[in-house]
Amino acid sequence: MMKELIIAGFGGQGVMLMGQVLAGAGMFEGKEVSWLPSYGPEMRGGTANCHVIVSEERIGSPFVSSPDVVVAMNLPSMDKFAPQLKEGGLLIINSSLIDTEPERKDIRVIKIPANELAAEVGSDRAANMVALGAIIEKVKIVEVDSIIESLKENLPERHHKLIPLNEEALKRGMEAARD
Amino acid sequence: MMKELIIAGFGGQGVMLMGQVLAGAGMFEGKEVSWLPSYGPEMRGGTANCHVIVSEERIGSPFVSSPDVVVAMNLPSMDKFAPQLKEGGLLIINSSLIDTEPERKDIRVIKIPANELAAEVGSDRAANMVALGAIIEKVKIVEVDSIIESLKENLPERHHKLIPLNEEALKRGMEAARD
Amino acid sequence: MKVVAKRPRALMDKPTHYCPGCTHGITHRLVAEVIDEMDIREKTIGVAPVGCAVLAYEYFDCDFQQAAHGRAPAVATGIKRVLPENFVFTYQGDGDLASIGTAEIVHAAMRGENITTIFINNAIYGMTGGQMAPTTMIGQKTTTSPYGRDSKSAGEPIRVVEMLSTFSRAAYLARVGLFNNKEIKKAKKAIRKAFETQKAGQGFSLVELLSTCPTNWGMNPAEALDWVESNMVPYYPLGEYKTPEGGEDR
Amino acid sequence: MKVVAKRPRALMDKPTHYCPGCTHGITHRLVAEVIDEMDIREKTIGVAPVGCAVLAYEYFDCDFQQAAHGRAPAVATGIKRVLPENFVFTYQGDGDLASIGTAEIVHAAMRGENITTIFINNAIYGMTGGQMAPTTMIGQKTTTSPYGRDSKSAGEPIRVVEMLSTFSRAAYLARVGLFNNKEIKKAKKAIRKAFETQKAGQGFSLVELLSTCPTNWGMNPAEALDWVESNMVPYYPLGEYKTPEGGEDR
Amino acid sequence: MPKVVFDTERCKGCNLCPRVCPVKIIKLSDGINKKGYHPAEVEEMDKCIGCGFCYEICPDTAVEVYKEEGGK
Amino acid sequence: MPKVVFDTERCKGCNLCPRVCPVKIIKLSDGINKKGYHPAEVEEMDKCIGCGFCYEICPDTAVEVYKEEGGK
Amino acid sequence: MADKILMKGNEAIAEAGIKAGCRFFFGYPITPQNELPAYMARRLPMEDGVFLQAESEVAAINMVYGAAGAGARVMTSSSSPGISLKQEGISYMAGSELPGVIVNIIRGGPGLGGIQPAQSDYLQATKGGGHGDYRLLVLAPQSVQEAVDLTMEAFDLADKYRNPVMILGDGMIGQMMEPVEFPGETSPEELPKKEWATVGNEGRKANIINSLSLQAEKLEELNLRLQKKYKQMQEEEVRVETTKTEDAEYVIVAFGSMARIALSAVERAREEGIKVGLIRPISLFPYPEQVVGKVAEQAKFMLTVEMNCGQMLEDVRLAVNGRCPVYFYGRTGGVVPTSQEIYEKLMELVRGEK
Amino acid sequence: MADKILMKGNEAIAEAGIKAGCRFFFGYPITPQNELPAYMARRLPMEDGVFLQAESEVAAINMVYGAAGAGARVMTSSSSPGISLKQEGISYMAGSELPGVIVNIIRGGPGLGGIQPAQSDYLQATKGGGHGDYRLLVLAPQSVQEAVDLTMEAFDLADKYRNPVMILGDGMIGQMMEPVEFPGETSPEELPKKEWATVGNEGRKANIINSLSLQAEKLEELNLRLQKKYKQMQEEEVRVETTKTEDAEYVIVAFGSMARIALSAVERAREEGIKVGLIRPISLFPYPEQVVGKVAEQAKFMLTVEMNCGQMLEDVRLAVNGRCPVYFYGRTGGVVPTSQEIYEKLMELVRGEK
Ligand SMILES: Cc1ncc(C[n+]2csc(CCOP(=O)(O)OP(=O)(O)O)c2C)c(N)n1
Ligand SMILES: Cc1ncc(C[n+]2csc(CCOP(=O)(O)OP(=O)(O)O)c2C)c(N)n1
Ligand code: SF4
Ligand code: SF4
Ligand code: SF4
Ligand code: SF4
Ligand code: SF4
Ligand code: SF4
Ligand SMILES: [Mg+2]
Ligand SMILES: [Mg+2]
């Protein structure tokens, strides 16, 4: 099993962290993982994104050209990456910021109001964790416990107090994806 | 006919000019010529030298490794270049500054008291022209007229008044070499 | 109704890639206004640096050359020597001008190269994500001075205008700040003077603009302006350091 | 009979390649004397430039590195950071230091790199046969300023010590001349002070020595000394420009 | 009466113009533009004195300022 | 009495020491050394005051200066 | 042995340097390697080491020269344009026989180019971008783990040969995160002393670090000594990985991150019964000429795949020496070829062959 | 046509530049090319041109960049270490498609090396010492006259391809005097206007001189355009001279001043009835691959002779592609091989062959 994801959004939406936490979780489970960010000045203002692969086999290209999953946290990201999805691939849309419908009909789509759900648990900024919850619910590449473990590693000590909130956000995302 | 020369001496002795005048004279006569100087900081204090080739055929290497003629204006030059002479080659020694005998017995040697002869015509600095006279007398590669022509080209306008003196020095050198 | 203030002709009608609140945008506009006012757009050749302003050629509506990191003054020299009647300006950041390009700016100033340099001192490498610049303040944290700039190991910030003031052929040298409207007006005047110096053939001119990098300073744009005023201005005094006296040639 | 003056220990017993009357030789001896007097020969690492002094490592009896043209301050920085307890000095000509190596010397001074620079200003490129240096005097003829240095195109001579004086971490900066015995004595004192500055860990130190290049100036050695006094000193005023105040660290 | 026009798509919501407006009539909108910024907007245009400060500080030339022909 | 010793092979005949000798006892020799220079030499050694100026100006450390033990 | 941690290539290379006993880093910012100096700036002070941001790449490489000459393990990193600026210094290091590790995280060129991954500095790295007859030892990792391993090895090789070693990565290697572990640690004190280093000549003749010889014969001697080292490298330091080449009729040659992508294409073709193999040169100088040459004897063709316009291609052709056709597929400017593209190119050639 | 005059290579190259309409020179002193800038300093003011001694080689090449971008014919010269410093700028010029002529009068390397003649920057010149996929047009004269002819041609080629052209000489070419004549003269006014140059955008869209493309696909496009030019060069600009190759059993390959020395060895061997020929590549990029390859078909072996440790050797081997053995003879560090040495090496190989 090998899953290739592209996670994309505005600069401040925490999409890089999402990818890192996901890859870290895979690593805890002994899987092969890779994480490759977009980088450089184009990040400014534009979209940031990362390519994540979690796999049970050797990973060839860390560069994902036909993802199994695209997570679009904003509209430009959907416009840019939805066309790259594999046939039958999964598009996770942050419906809080995207009200356009994707054009492709050969893919699966789920809409998560990530910002709203995050606000409900107490912080607009946790929208990325909501989306991450949706990913692991739908794609089943890693366990939620691994995600939480990985989150601890990835957050600096001083932010560890936010972990419960993030856990909550994760769960909301999972629930929302289940519905 | 191809003649390869190395002309060497102290920095200030005008050996570079000697070579240039000789090459220039060859050029006036429609011959193939090349002139290659030693260069760089080793000139300072040490010996300066130039490689001159005058030829009726195409010139291969402008770098002279086994000269037909070596002109040694001082002792270090003789020590350095006499061993490189072809068998039977000609060594012209400035006997004003060199009182040592060359070691090799398989070469022809002529001694010219260049500084003294130059002083006689009025300038110690014309020792190089005396030696040049000796070269053309002995080697017969160019005519004396071509040398004078070439000298005009090679001396800056403001030094042209020195040409008669240099002509005189040349002749002295030729005479001395004839004896 | 009459438009009293709008995008100058010398700027393209194009959004920039600069971060919100970054003063690069203000400086672009000021330079463009001066070009418009002097009516020299079609005779001006800009030299874009390597730095956040690398894309300056996308925003100015005049001929431009993009220069290797730090070498804008050398590139400008090449252009100006070929086209002495044209206006040539470089637009350079503090990493570009005061670090890798030190030799080039010093020698352009020494030669009195008849060009104008717009020098953006934002105390950091913006483009590459916030490394220490030679102009970074003591104690300032950057990705390559994570414990704050330490004078013992990294030295004390370089004052470019003061350094260049030792050159007699550096004709116009001024430092301005962009932290409020009054200072922005002064900045524009200084830029104008610099271009006028070039026009009169008086030699090298440079305006240092104390600028911001909200993104890499980790501040919002307004805080950043305050930081310029309270932290940078005391170390980098504002004012005209050299003005050309006399005529055509000094 | 007692020897009161002879070749210092820190110089090898080897004739140099310098031209007759070239002041490089005097400066070598002065530096060597200071090294002897401070008894630091075995702790000293010299950095030889590209220039007539490229072979300095042949003449000093201490460890040496030969540096790429202009980069001696960077090389010295590398050495000193590894060996902070050793003495590190660079020996550089005006082409090396004030032209190609401008950025390196400026930044070593800015960082207050705890090294000593011996700066030979002979107003020309000696080694390469007499090209214009940034320190060449106005009107001076060289192979690359055959009509005399023209300030309009080639600028006005760079005053290195003045330029570096704008850096707070440049602790000791002095300019001396080698044109008579009195000044040679002063030169030695300045060199001593520079090494003492390094010893005390006070930061960057540099002594500029107004020197000669009889060969490329087309003068005899005595005329050359006179030329230093009459032509160079008025433009390059002698004296101590900066001295370290206070203790260990400023 | 003077007025200002904001180019909401070009505005990056940097919040500098509100700071310099002497009559404090500029604020950032709650909505976001295509690039995800909250653009500046003016609340009581009639209070605008046409000083141009907003134009002057705006890094993105997102402001145009108009005044009455020949007016003050 | 002080004295000076010149290393004639090392001397490059630059003519600087004669210029600085306060008692003018140094001049260049007519002969040349192996490198082709006219080396410096002292004519009236007894006039030497051991000031060391010649040593100090010599670019080639071709001079050694001696003085009486404990002498002036 | 520590657990695996997820690390960015740039940071992992930095940590590998520290683990190899490197305590001195001189560098200058440039994308896509900025995390490397930033990591050093954080970490080195903890180990009493020195991180110094030089005023330029030129200054940085010369600081490396000075520190290496003073006997330290030392490192610098940059990306393409910055590496070009270091060429004089690199030639000096080779000429003065100084060890040191230089990291090039290649980006698209030429000129200012772009910041996306590329392999277009292959020729510069392997054929001597600087002047004179010298060579670098060049190692090209394909993963973050291998970047760690090769970096640690690089310091030993640099010391062994007194020659600079280059780690040749690309934006992908530098920016991606993968799990890594560090195989041990060397402290600077454990390292053998360098008798030739300039540390003060107490009780011995002065040591000189130098590449100047005004006498041509002397300079030739230096060069012959260098050539001998390069020959020894060719004998002892070739590193190469072959996959499924034993029975391969078609062989892909690729290095660095390109090789792992190519391997996916190889696997796919194998699944379809096509006998394809992969040769992955790990040391680019010394080049695994013999391995490539040997495999060429049995191959119907070779396909070189690179993120450039065909640079290693020359070394492959030299190694093959006419024994089979050599084809090329590449993308450049920062475009990363997909395994799909490679697969298609391969199949097209296979069809042409049949 | 003027009479012949005796001129130093360096000065002749400078005058050739002026005769080709070059009025701008930016350089920095270095032996053994100092007579070139010195000549320009004297001559250019007479032609209302500009000679400027830059603060460094780095500055010089960037001044060349600026002047070339402003539409001028422009030139710089240096020698090995200085050329290394220019590598970033050269890559920028190629990436920004700027014409310009760069002279490298090679000296012994690596590092500071020496100042005697060498050919050890061949790989740097021909394979791209800078970063990225670019090429220079590289021309190697064997005599002062040819230096003149190729320099004049270089300016036309630079303009034709909007690409930098390198004249690759060595200390011997630069320092020696030979008789030369100048085949005509072009004044700058006669030259076609460069529509792309930055001279002020009066009445047109702004012109931009640039090599940056943040988008990989755009950067790839630039690279493909460059590759097309290089291909065109390979088709149109190969320059090569063959001597007695028609019936040659043994073939020497040599370029620049080395070739004229090698020719003496060839002539001597011919006198003794040995069928030897000489191939002299004049353009080193584009390399006369086809000529070498063709001759290889009939040759028993080839012998490459260079003043380095074997650099062009790679191009010869690539061209020969296994068709015959390729041997090498070289001296390095500034030592000039004599025709005697070459002859002996040749005869040794011939004997081995028989
Ligand atoms: C030779 C070279 N070195 C380094 C870089 C990477 N680089 C790009 S921009 C930059 C510095 C930018 O800082 P600054 O000049 O202060 O401009 P700012 O972005 O702050 O406006 C650097 C180091 C490069 N492109 N080329
Ligand atoms: C990169 C490089 N550029 C140029 C040179 C040639 N070069 C050797 S010495 C020198 C300048 C010497 O002048 P200066 O530094 O003033 O020292 P001086 O000889 O006058 O003492 C130059 C340009 C070089 N070796 N390396
Ligand atoms: S990174 Fe800094 S300097 Fe660059 S655009 Fe953003 S705020 Fe401005
Ligand atoms: S060339 Fe000048 S600086 Fe060099 S040794 Fe001779 S006199 Fe001294
Ligand atoms: S023009 Fe002046 S008053 Fe009007 S909105 Fe702008 S800042 Fe406020
Ligand atoms: S200053 Fe400009 S960009 Fe900033 S909020 Fe106001 S209009 Fe928008
Ligand atoms: S020591 Fe003084 S007095 Fe004696 S020779 Fe020397 S300079 Fe003259
Ligand atoms: S100063 Fe020294 S080198 Fe010069 S003449 Fe006197 S002893 Fe000789
Ligand atoms: Mg900056
Ligand atoms: Mg000098």
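None of the values given here were measured: they were computed from a predicted structure.

The rules we used
Residues numbered from 1 in each chain as written. Chains lettered and ligands numbered in written order. Predicted model: local features only at pLDDT ≥ 70, side-chain atom pairs only at ≥ 80, totals over all residues. Heavy atoms only, no water. Helix = DSSP H or I, 4+ residues; strand = E, 2+ residues; numbered from the N terminus. Rg over C-alpha atoms; globule rule 2.2 N^0.38 Å. Buried < 20%, exposed > 50% of the residue type's maximum accessible area, 1.4 Å probe, protein only. Contact = heavy atoms within 4.5 Å. Areas by Shrake-Rupley, 256 points an atom, 1.4 Å probe, with all protein chains shown as cover. Buried area = accessible area lost by both parts, 1.4 Å probe. Salt bridge = Lys/Arg side-chain N within 4 Å of Asp/Glu carboxyl O. Polar contact = N/O pair within 3.5 Å; in protein donor to acceptor, adjacent residues only side chain to side chain. Nonpolar A, V, L, I, M, F, W, Y, C, P; charged D, E, K, R; others polar. Donors = N, O, S within 2.8 Å, 3.2 Å for Na, K, Ca; no water. Least-squares fit on C-alpha atoms with pLDDT ≥ 70 in both. Near = heavy atom within 4 Å. Pairing = 2+ DSSP bridges. Right-handed = clockwise from strand over helix to strand, strands pointing away. Phe/Tyr/Trp six-rings, centres within 6.5 Å; stacked < 30°, edge-to-face > 60°. Lys NZ or Arg CZ within 6 Å of the ring centre and 35° of its normal. Core = buried A, V, L, I, M, F, W, Y, C linked by side-chain atoms within 4.5 Å.

*Asks:* How do you make sense of the overall build of chain C when you look at a structure like this?
*Replies:* Helix and strand counts for chain C come out as 10 helices and eight strands. Radius of gyration (C-alpha) of chain C: 17 Å, near the 18 Å computed for a compact globule of 250 residues. Over its C-alpha atoms, taken along the principal directions, chain C stretches across nearly 50 × 50 × 30 Å. By the burial criterion, 72% of the 250 residues in chain C qualify as buried. Taking as baseline every contact in chain C between residues at least 6 positions apart, the subset at least 24 positions apart corresponds to 68%. Of the roughly 6,700 Å² that chain C leaves accessible, carbon and sulfur atoms contribute 52%.

*Asks:* I would appreciate a short explanation of the interface of chain G and chain A in the present structure.
*Replies:* Note on interface size: it is often stated as the accessible area lost on association of the parts. In this assembly, 23 residues from chain G lie in contact with 20 residues from chain A. Together, L6(G), M177(G) and R260(G) form the three largest contributors to the area buried by chain G at its contact with chain A, with a combined 30%. The tally of links from chain G across to chain A stands at one salt bridge. As a salt-bridge pair, R58(A) and E267(G) come within 3.5 Å of each other at their nearest N and O atoms. Summed over the shared surface of chain G and chain A, the result is six residue pairs in polar contact (both at pLDDT 80 or more). Only β1 (5–8), α8 (171–175), β8 (177–180) and α10 (256–271) of chain G provide two or more residues apiece to the side of chain G that touches chain A. Here the side of chain G that touches chain A is composed, by residue class, of 12 nonpolar, six polar and five charged.

*Asks:* It is not clear to me how the coordination of the magnesium ion (ligand 9) should be interpreted in this structure. Could you clarify?
*Replies:* Geometry sets the ideal angles at a metal, namely 109.5 degrees for four tetrahedral donors and 90 or 180 degrees for six octahedral donors. All names here are of chain C. Surrounding the magnesium ion (ligand 9) are the protein donor atoms D94 (OD), N122 (OD1) and I124 (O), at 2.1 Å. Between consecutive donor residues of the magnesium ion (ligand 9), the sequence gaps follow D-x27-N-x1-I. I124 shares its class with N122; the two are buried.

*Asks:* Quick question: what am I supposed to make of the relation of the copies chain H and chain G here?
*Replies:* In this arrangement, two copies of a chain are superimposed by a rotation about an axis accompanied by a shift along the axis. Overlaying chain H with chain G gives an RMSD of 0.0 Å, the required rotation being 180° about an axis along which the chain moves by 0.0 Å. Considering both components of the superposition, the chain copies are consistent with a two-fold axis. For chain H, the smallest separation between a C-alpha atom and the rotation axis is recorded for G129(H), amounting to 1.9 Å.

*Asks:* Teacher, can you tell me more about the site of ligand 3 here?
*Replies:* By nearness alone, 12 residues border ligand 3, and C19(C), C22(C), C52(C), C213(C) and N216(C) come closest of all. Lying at an intersection of chains, ligand 3 is approached by residues of chains A and C. Ranked by residue count, the leading element in the shell around ligand 3 is helix α9 (residues 214–217) of chain C, at three residues.

*Asks:* Help me understand the interface of chain H and chain G, please; the structure alone is not making it clear to me.
*Replies:* Listed as interface residues are 56 residues of chain H and, on the opposing side, 56 residues of chain G. Roughly 4,900 Å² of surface becomes buried between chain H and chain G when both sides are summed, with 56% attributable to carbon and sulfur atoms. The tally of links from chain H across to chain G stands at eight salt bridges. Note that R135(H) and E314(G) form a salt bridge whose closest N and O atoms lie 3.5 Å from each other. One can count 40 residue pairs in polar contact (both at pLDDT 80 or more) joining chain H with chain G. Those elements that place two or more of their residues in the side of chain H that touches chain G are α4 (80–85), α5 (87–95), α6 (122–127), α9 (216–236) and α12 (312–320) of chain H. Broken down by element, the side of chain H that touches chain G gets its largest block of residues, seven residues, from α9(H).

*Asks:* Sorry, what's going on with the coordination of the magnesium ion (ligand 10) here?
*Replies:* Residues and elements named next belong to chain D. Those donors, D94 (OD), N122 (OD1) and I124 (O), are the protein atoms that reach the magnesium ion (ligand 10), and they lie 2.1 Å from it. On the primary sequence, the residues serving as donors to the magnesium ion (ligand 10) are separated as D-x27-N-x1-I. Of the two residues, D94 is situated in helix α4 (residues 94–100) and I124 in the loop between β5 (116–121) and α6 (151–154); the sequence distance between them amounts to 30 residues. The pair D94 / I124 is uniform in exposure class, with both members buried.

*Asks:* I keep staring at the pairing of strand β14 (residues 301–306) of chain H and nothing clicks. Help me out?
*Replies:* Two faces, one strand: in a regular strand the side chains alternate between the faces of the sheet. Residues and elements named next belong to chain H. Burial analysis of β14 places six of its six residues in the buried class, the great majority of the element. Neither face of β14 is exposed, since F301, L303 and V305 on one face and M302, T304 and E306 on the opposite face are all buried. Bridge count between strand β11 (residues 250–253) and β14: four bridges; the pairing is parallel. For V253, the partnering residue across the bridge sits in β14 and is T304. Across five bridges, the pairing between β14 and strand β15 (residues 326–330) is parallel. Looking across to β15, one finds that V305 is bridged to Y329. In this fold, β14 hands off to α12, which returns the chain to β15; that crossover is right-handed.

*Asks:* In this structure, what is going on with the pairing of strand β6 (residues 170–177) of chain D? I would like to understand it.
*Replies:* All names here are of chain D. With eight of eight residues buried, β6 lies mostly within the body of the structure. Alignment of β6 against strand β7 (residues 204–210), held across seven bridges, turns out to be parallel. Within the sheet, the bridge partner assigned to G177 lies in β7 and is L210. Note that the unit made of β6, helix α8 (residues 181–199) and β7 has a crossover that is right-handed. For β6 and strand β8 (residues 239–242), the ladder comprises three bridges, and the chain directions are antiparallel. Note that in β8 the partner of L173 across the bridge is K242.

*Asks:* Even after reading the chapter, I still don't get the environment of D36(D), so can you show me in this structure?
*Replies:* All names here are of chain D. Summarising the element assignment, D36 is placed in helix α1 (residues 24–38). Along the chain, D36 and F179 lie 143 residues apart, while their C-alpha atoms are 24 Å from each other. With near-sequence residues (within four places) excluded, D36 lies in contact with P8, R9 and A10. Of the polar contacts made by the side chain of D36, one reaches the backbone nitrogen of A10; its length is 3.1 Å.

*Asks:* In this structure, what is going on with the arrangement of the chains? I would like to understand it.
*Replies:* Of all 16 pairs of chains in contact, the one with the most contacts involves chains G and H. Spatially, chain B is disjoint from chain C: no contact exists, and the shortest C-alpha separation is 27 Å.

*Asks:* Honestly, the packing of aromatic side chains in this entry has me stumped. Any pointers?
*Replies:* The geometry of an aromatic ring pair comes down to the distance between the two centres and the angle between the two planes. Scanning the entire structure with this criterion turns up 28 aromatic pairs over all chains. With 5.7 Å between their ring centres and 25° between their planes, F60(D) and F64(D) make a pair best called stacked. Accessibility assignment for this pair places F60(D) and F64(D) in one class, buried. Put simply, the rings of F60(C), F64(C), F89(C) and F195(C) pair up and form one aromatic cluster. The side chain of K80(D) reaches across the aromatic face of F87(D), ending 6.0 Å from its centre. Positioned above the aromatic ring of Y235(D), the side-chain terminus of R159(D) is 3.7 Å from the ring centre.

*Asks:* Hey, could you run me through the side chain of R23(G) in this one?
*Replies:* Residues and elements named next belong to chain G. Note that R23 resides in the loop between α1 (9–19) and β2 (24–27). Of the residues examined, R23 reaches a relative accessible area of 9% and is grouped as buried. At 2.9 Å, the side chain of R23 and the backbone oxygen of I18 are in polar contact.

*Asks:* Hey, could you run me through unusual backbone geometry in this one?
*Replies:* Note that the residue after T31(G), namely P32(G), is joined by a cis bond; omega there is 5°. Mapping P32(G) onto the fold places it in the loop between β2 and α2 (35–43). The residue N15(F) is not glycine, and still its phi comes out positive at about 75°. By the secondary structure assignment, N15(F) is in the loop between β1 (3–6) and α1 (16–20).

*Asks:* Sorry if this is basic, but what is going on with the nonpolar core here?
*Replies:* Note on soluble globular proteins: their nonpolar side chains tend to be buried together. With 478 residues, the main nonpolar core has L164(C), L164(D), M302(G) and M302(H) as its most contacted residues. Sequence-distant contacts of L164(C), that is, excluding residues within four places in its chain, are made with I105(C), V106(C), A109(C), A170(C), L173(C), F204(C) and L206(C). Core analysis: the second largest hydrophobic core is formed by 51 residues, M73(A), A114(A), A177(A) and M177(G) among them.

Read these as geometric descriptors, not functional statements.
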